[in-house]
Amino acid sequence: KALIPKGQLFLTNVCIESGSNSIISLLRKMDCIITIQKTRICSFGSIGKINIKKFNLVGQKMDCKPLFQYIRQLPSMIILVSFAKGQSVFRSLDELRNEMPSYINQMLKCIDIIGGRYGEMPDGIVIDGINEYDGFDISKNYSAGLNAACAVAGLKCNGKSNIADDSILHRWPQFSSIINSVCNV
């Protein structure tokens, strides 16, 4: 949706539990109009439809507490704010520095590769967003979520981008067809 700010994006068969929607909180802070409709319940919780309408890519502050609700969507959120105007701040990420390799360092390395600017704080990161980036190459297989978020970032860039896709395709075998259904690559 961030690629084409005007128009609407409909997502179906999506988990709509509060623990899986931290990116929805970020989008709402960006004045995004989002409607959520519950369609059924499964063993993972409520499932439904999400309609994402026009929003404004402006830097935001996020306190990522509790961290377990943010960890899976954090790569997408980091890439999203990389294309926002102004600074974005993510706090309460200090636990991620203890992992080996550091998950924060992996995300910051990807921001560095795509040409973004960032700063570090003891408990988080600050990202300066800009409107346009050139293409980039990521030859390392980071986590599936991080490489997939970078693949989406590549769609927003002006130049050609290459992203290692082993971890992405292992997690989401249909990732290429999903991207191709949204745009021409």
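Predicted model only: the values in this text are computed from it and were never measured.

Analysis parameters
- Residues numbered from 1 in each chain as written.
- Predicted model: local features only at pLDDT ≥ 70, side-chain atom pairs only at ≥ 80, totals over all residues.
- Heavy atoms only, no water.
- Helix = DSSP H or I, 4+ residues; strand = E, 2+ residues; numbered from the N terminus.
- Rg over C-alpha atoms; globule rule 2.2 N^0.38 Å.
- Buried < 20%, exposed > 50% of the residue type's maximum accessible area, 1.4 Å probe, protein only.
- Contact = heavy atoms within 4.5 Å.
- Axes fitted to C-alpha atoms, helices over the stretch in contact; angles between N-to-C directions.
- Parallel < 35°, antiparallel > 145°, perpendicular 65-115°, else oblique.
- Left-handed = near helix turned anticlockwise from the far one by under 90°.
- Nonpolar A, V, L, I, M, F, W, Y, C, P; charged D, E, K, R; others polar.
- Pairing = 2+ DSSP bridges.
- Salt bridge = Lys/Arg side-chain N within 4 Å of Asp/Glu carboxyl O.
- Polar contact = N/O pair within 3.5 Å; in protein donor to acceptor, adjacent residues only side chain to side chain.

Undergrad: What is the right way to read the overall build of the protein from this model?
TA: For the protein, the helix and strand inventory stands at six helices and nine strands. Relative to the 2.2 N^0.38 estimate, which gives 16 Å for 185 residues, the radius of gyration of the protein is 16 Å and therefore close to what a compact globule would have. Each principal axis of the C-alpha distribution contributes one length, and for the protein these read about 40 × 35 × 30 Å. When burial is assessed residue by residue, the protein has 43% of its 185 residues classed as buried. If you take every contact in the protein between residues at least 6 apart in sequence, the share linking residues at least 24 apart comes to 68%.

Undergrad: Looking at this structure, how should I read the packing of helix α2 (residues 74–82) against helix α3 (residues 103–114)?
TA: A packed helix pair is summarised by two numbers, namely the angle formed by the two axes and the spacing between the axes. It is the contact of α2 with α3, at a shortest axis distance of 11 Å, that shows an interaxial angle of 30°. The angle between α2 and α3 places the two elements in the roughly parallel class. As for how α2 packs across α3, the hand of that crossing is right-handed. Contacts between α2 and α3 involve Leu74, Pro75, Ile78, Ile79 and Ser82 on the former and, on the latter, Tyr103, Met107, Ile111 and Ile114. Classifying every residue of the contact of α2 with α3 by side-chain character gives eight nonpolar, one polar and no charged.

Undergrad: Is there a simple way to explain the sheet that holds strand β1 (residues 9–15) in this structure?
TA: Strand pairing in a sheet relies on backbone hydrogen bonds. The paired strands run either parallel or antiparallel. With respect to topology, three strands assemble into an open sheet ordered β1-β3-β2, the strand pairing being antiparallel. A strand with exactly one partner marks an edge of an open sheet, and here the two such strands are β1 and β2 (34–42). Between one strand and the next, the sheet's axes are offset by a mean angle of 15°, whatever the strand orientation. The pairing of β1 with strand β3 (residues 45–52) spans five bridges and is antiparallel. Counted as the bridge partner of Phe10 is Asn51 from β3. Those strands touched by helix α1 (residues 22–29) are β2 and β3, and its axis lies near 165° from that of β2.

Undergrad: What is the right way to look at the sheet that holds strand β5 (residues 86–91) in this model?
TA: Read across the sheet, four strands follow the order β4-β5-β7-β6 without closing on themselves; strand pairing throughout is mixed. Looking along the sheet, the strands with just one partner apiece sit at the ends: β4 (61–63) and β6 (117–121). Neighbour to neighbour, the strand axes of the sheet diverge by 15° on average, direction disregarded. α3 contacts β6 and β7 (124–129) of the sheet and is inclined by roughly 160° relative to β6.

Undergrad: Please explain the pattern of salt bridges as it appears in this structure.
TA: For the structure on display, the rule yields three salt bridges. A salt bridge links Asp123 to Arg91; the shortest N-O distance between them is 3.0 Å. Here Arg91 lies in strand β5 and Asp123 lies in the loop between β6 and β7, a separation of 32 residues in the sequence. The class of Arg91 is partly exposed, set by a relative accessible area of 35%. Between Arg117 and Asp128 there is a salt bridge, with the nearest N and O atoms lying 2.9 Å from each other.

Undergrad: Even after reading the chapter, I still don't get the side chain of Ser82, so can you show me in this structure?
TA: Positionally, Ser82 belongs in helix α2. Only 2.9 Å separates the side chain of Ser82 from the backbone oxygen of Ile78, close enough to count as a polar contact. Not counting the four nearest positions on each side in its chain, Ser82 is found in contact with Ile111, Ile114, Ile127, Asp128, Gly129, Ile130 and Tyr133.

Undergrad: How do you make sense of the pairing of β7 when you look at a structure like this?
TA: Regular strands show a simple pattern: their side chains alternate between the two faces of the sheet. Within β7, six of the six residues are buried, which leaves the element mostly enclosed by the surrounding structure. Side chains of β7 alternate between two faces, with Gly124, Val126 and Asp128 and Ile125, Ile127 and Gly129 buried alike. Note: β6 against β7, five bridges, orientation antiparallel. Paired with Tyr118 across the two strands is Ile127, which belongs to β7. From the end of β6 to the start of β7, which pair antiparallel, there are two residues.

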